[in-house]
Amino acid sequence: GDSVTQMEGPVTLSEEAFLTINCTYTATGYPSLFWYVQYPGEGLQLLLKATKADDKGSNKGFEATYRKETTSFHLEKGSVQVSDSAVYFCALSGGFKTIFGAGTRLFVKA
Amino acid sequence: EADIYQTPRYLVIGTGKKITLECSQTMGHDKMYWYQQDPGMELHLIHYSYGVNSTEKGDLSSESTVSRIRTEHFPLTLESARPSHTSQYLCASSERDYNEQFFGPGTRLTVL
């Protein structure tokens with residue numbers, strides 16, 4: 001069946017460092033891909049999405065490109081801030097249900 | 001303003017009590033979902049609904065039940081709470097297949 005694998009955390013970075021969180025997937029067909037973010041005490045919220053191969057999703061300085069050839073959707077940000085500390089989930093939707101990765105916790109130190 | 005709401009946000013209750021977790025959305029979405037989120041953060045789908053009068057069990061076995069009498073309302077009920085039910089419960093909705101899901105703020109349940 002469909003699945004999502006993302007890098008384990010926690011990831012700890014200093015402010016202004018470069019961020020990469022790896023995400024790979026297996027799916028039949030042509031899923032949509034998402035990154036969600038969860039701040040402490042809150043539900044998940046959509047960070048960015050891509051609906052077809054080679055699409056780049058971007059929001060708040062975060063980017064991810066839908067790579068069909070490597071079945072990947074890695075999340076990147078050029079300069080992280082303390083306020084980016086949260087849990088990040090990679091996800092795919094091949095139809096009605098969404099498959100979520102296990103989540104990667106990010107800590108950013110001032 | 002279109003949104004998705006969950007009440008209560010926090011609940012501490014004794015073993016054996018019946019509880020209902022409320023979820024409502026004002027976006028007119030047909031598809032709604034309940035997830036259980038463990039302390040390790042992973043999300044487990046426990047119930048979902050395609051629309052009014054449609055409910056299905058998810059991937060994780062759960063002793064809870066759900067109902068969908070109105071489009072906007074998708075409550076989850078535990079007939080007899082146990083300490084193993086202690087968790088965070090997240091409700092979500094979606095407009096159509098392949099689309100993003102919108103999440104409520106969650107209910108953190110503790111059963112003593």
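Above this text you will find the structure in question.
Every value quoted in this text rests on a predicted model; they were computed, and no experiment measured them.

**Things to note about the overall build of chain A**
- Looking only at helices and strands, one finds 0 helices and 12 strands in chain A.
- Helices (α) and strands (β) of chain A occur, in sequence order from the N terminus, as β-β-β-β-β-β-β-β-β-β-β-β.
- A compact globule built from 110 residues should have a C-alpha radius of gyration of about 13 Å, and chain A, at 13 Å, falls within 12% of that.
- Taken along its principal axes, the extent of the C-alpha atoms in chain A is 45 × 25 × 20 Å.

**Let's talk about the state of the cysteines**
- Throughout the structure, instances matching the rule amount to 2 disulfides over all chains.
- In this model, Cys23(A) is linked to Cys90(A) through a disulfide, with the two sulfur atoms separated by 1.9 Å. Where Cys23(A) bonds to Cys90(A) through sulfur, the torsion about that S-S bond is close to -70°, and the disulfide is left-handed. With Cys23(A) in strand β4 (residues 23-26) and Cys90(A) in strand β10 (residues 86-93), this pair connects stretches of sequence that are 67 residues apart.
- Overall, the relative accessible area of 2% leaves Cys90(A) in the buried class.
- Cys23(B) shares a disulfide with Cys91(B); S-S distance 1.9 Å. With the S-S bond torsion at -75°, the cross-link from Cys23(B) to Cys91(B) turns out left-handed.

**Examining unusual backbone geometry**
- The linkage connecting Gly9(A) with the following residue, Pro10(A), adopts the cis geometry, with an omega of 0°.
- Turning to its location among the elements, Pro10(A) is positioned in the loop between β1 (3-6) and β2 (11-14).
- With an omega dihedral of -10°, the bond running from Thr7(B) to Pro8(B) counts as a cis peptide bond.
- Mapped onto the elements of the fold, Pro8(B) is located in the loop between β1 (4-7) and β2 (10-13).
- Despite not being glycine, Asp54(A) has its phi angle at roughly 75°, a positive value.
- If you trace the backbone, Asp54(A) turns up in the loop between β6 (44-50) and β7 (56-59).
- Since its relative accessible area comes to 56%, Asp54(A) is described here as exposed.
- You will see that Asn53(B), though not glycine, has its phi angle at about 65°, which is positive.
- Along the chain, Asn53(B) falls in the loop between β5 (43-49) and β6 (56-57).

**Observations concerning the side chain of Ser94(B)**
Residue and element names in this part refer to chain B.
- By the element assignment, serine 94 lies in strand β9 (residues 87-94).
- The class of serine 94 is buried, set by a relative accessible area of 1%.
- One polar contact links the side chain of serine 94 to the main-chain carbonyl oxygen of glutamate 100, over a distance of 3.3 Å.
- The contact partners of serine 94, leaving out residues within four places of it in the chain, are His29, Asp30, Lys31, Tyr33, Asn99, Glu100 and Gln101.

**Structural notes on the sheet that holds strand β8 (residues 76-78) of chain B**
All names here are of chain B.
- Taken together, 4 strands build an open sheet; the order of strands is β1-β3-β8-β7 and the sheet is antiparallel. The sheet terminates laterally at β1 and β7 (65-66), the two strands that pair on one side only.
- Bridge analysis of β1 against strand β3 (residues 19-25) gives 4 bridges, and the strand direction is antiparallel. Counted as the bridge partner of threonine 7 is glutamate 22 from β3.

**Description of the nonpolar core**
Residue and element names in this part refer to chain A.
- Counting residues in hydrophobic clusters, the biggest one holds 25 residues, and the most contacted among them are Leu19, Trp35, Leu47, Leu48, Phe73, Leu75 and Tyr88.
- Of all elements in the fold, only β2, β3 (19-21), β4, β5 (32-38), β6, β8 (62-65), β10 and β12 (104-109) reach the threshold of two or more residues within this core.
- Per-element tally for this core: the top contributor is β10, with 4 residues.
- When sequence neighbours within four positions are dropped, the list of residues in contact with tyrosine 88 reads Gln6, Ile21, Trp35, Tyr36, Val37, Leu47, Phe62, Leu75, Gly103, Thr104 and Leu106.

**Quick notes on the pairing of β1(A)**
Residues and elements named next belong to chain A.
- The alternating pattern of β1 places Val4 and Gln6 on a buried face, while none of Ser3 and Thr5, on the opposite face, is buried.
- In terms of strand pairing, β1 meets β4 through 4 bridges, oriented antiparallel. Bridge pairing links threonine 5 to threonine 24 in β4.

What counts as what
- Residues numbered from 1 in each chain as written.
- Chains lettered and ligands numbered in written order.
- Predicted model: local features only at pLDDT ≥ 70, side-chain atom pairs only at ≥ 80, totals over all residues.
- Heavy atoms only, no water.
- Helix = DSSP H or I, 4+ residues; strand = E, 2+ residues; numbered from the N terminus.
- Rg over C-alpha atoms; globule rule 2.2 N^0.38 Å.
- Disulfide = S-S within 2.5 Å.
- Buried < 20%, exposed > 50% of the residue type's maximum accessible area, 1.4 Å probe, protein only.
- Polar contact = N/O pair within 3.5 Å; in protein donor to acceptor, adjacent residues only side chain to side chain.
- Contact = heavy atoms within 4.5 Å.
- Pairing = 2+ DSSP bridges.
- Core = buried A, V, L, I, M, F, W, Y, C linked by side-chain atoms within 4.5 Å.

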